[in-house]
Amino acid sequence: MQIAKNVHWITRAKGSYVYLVLGDEPVLIDTGMPNRGPDILEELRELGIRPQDIAHIVLTHHDVDHIGNAKHLKALSGATLWAPERDVPYIHGAAPRPGIKRAIASLVRHERPEVDRIYQAGQTVGGLEVIETPGHTPGHVSFRYQDILFPGDLVMTRRGKIVPSPRFLAWDHRVLMQSIDSVRRLTFDWVCPAHGQPVRRTPLF
Ligand SMILES: [Zn+2]
């Protein structure tokens, strides 16, 4: 579903949404829960996008509901896979995920993708600005494209309201709240989260 010029909400990635941004180069933001690859590709095809058109796949963080189809989609597209440096050990399986994530990841079968590049402070990827927003995970990042914020799991939306992502899932809830404070100072009009529907920014956020 198109939500703004060049910005598509991939709704068939139910449970953990994926976004397609057709900026300088086509970018896929996150890859959804494991085994949703064919559904995501089908929706892209309906938008006239072939896998090989995708230049970059940008991960907000290491959780399995965000990296679930990264290996599959990277292999089909040949896209460059990006991730935050501090989350790479968890993606590659070089370190056990912290806290409750360890148990969740062990219950959810997923294929580990190989990360190609890590974000540098202040950089853009395919026209998306990378914003460091740690807390949900050590390296979690958000993205901004024009007037749209893609907060990953920094915040979620529930019945049209923007709320912090759950404390029990946070690597460090205090750091997460600090990240929310710093993002509040940025200019944007729309919030497109992984969990919950895209909403117009409210004065509280
Ligand atoms: Zn998530």
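Let us look at the structure shown here.

Conventions adopted
Residues numbered from 1 in each chain as written. Predicted model: local features only at pLDDT ≥ 70, side-chain atom pairs only at ≥ 80, totals over all residues. Heavy atoms only, no water. Helix = DSSP H or I, 4+ residues; strand = E, 2+ residues; numbered from the N terminus. Rg over C-alpha atoms; globule rule 2.2 N^0.38 Å. Buried < 20%, exposed > 50% of the residue type's maximum accessible area, 1.4 Å probe, protein only. Contact = heavy atoms within 4.5 Å. Areas by Shrake-Rupley, 256 points an atom, 1.4 Å probe, with all protein chains shown as cover. Lys, Arg positive; Asp, Glu negative; His and termini not counted. Charge placed at Lys NZ, Arg CZ, Asp CG, Glu CD. Expected span 1.5 Å × (residues − 1). Arc of directions from axis to C-beta. Polar contact = N/O pair within 3.5 Å; in protein donor to acceptor, adjacent residues only side chain to side chain. Salt bridge = Lys/Arg side-chain N within 4 Å of Asp/Glu carboxyl O.

### What to know about the overall build of the protein chain
Scanning the protein chain from N- to C-terminus turns up six helices and 15 strands. Here the C-alpha atoms of the protein chain give a radius of gyration of 15 Å, agreeing with the 17 Å that 2.2 N^0.38 yields for 205 residues. Counting only C-alpha atoms, the protein chain reaches 40 × 40 × 30 Å along its principal axes. Of all 205 residues assigned to the protein chain, the portion counted as buried reaches 51%. Pairs at least 24 apart in sequence give 63% of the contacts found in the protein chain among residues at least 6 apart. Within the structure as shown, the protein chain displays about 9600 Å² of accessible surface, and the carbon and sulfur contribution to it stands at 50%. The positive charge centre, built from 25 side chains, and the negative charge centre, built from 22, are 6 Å apart in the protein chain.

### As for helix 6 (residues 173-184)
With twelve residues, helix 6 ought to run about 16 Å at 1.5 Å a step, and its terminal C-alpha atoms sit 16 Å apart, in line with that. Along helix 6, the positions that sit buried rather than exposed are H173, V175, L176, S179, I180 and V183. Within helix 6, the buried residues cover an arc of 155° as seen down the axis, which keeps them to one side. Lining the buried residues of helix 6 we find strand 9 (128-132), strand 11 (148-150), strand 12 (155-158) and strand 13 (161-164). You can read the cap of helix 6 off the contacts: a side-chain oxygen lies 3.1 Å from the backbone nitrogen of R174, and it is on D172.

### As for the side chain of T31
Its place among the elements puts T31 in the loop between strand 4 (26-29) and helix 1 (37-46). Within the structure, T31 has its side chain in polar contact with the backbone oxygen of H66 (distance 2.8 Å). At 3.4 Å, the side chain of T31 forms a polar contact with the backbone nitrogen of G68. If sequence neighbours within four positions are ignored, T31 has contacts with V18, I40, I57, L59, H66, I67, G68, N69, A70 and L73.

### Description of the pattern of salt bridges
Per the counting criterion, the structure on display carries eight salt bridges. For E46, the salt bridge goes to R12, with nearest N and O atoms at 2.8 Å. In this pair, E46 sits in helix 1 while R12 sits in the loop between strand 2 (7-10) and strand 3 (18-22), placing the two residues 34 residues apart along the sequence. For the salt bridge of R45 with E42, the shortest nitrogen-to-oxygen distance reads 3.1 Å. Of this pair, R45 and E42 both sit in helix 1, separated by three residues, roughly a single helical turn. Residue classification places E42 among the partly exposed residues on the basis of a relative accessible area of 30%. Residues participating in the shared-partner salt-bridge network are R12, E43 and E46.

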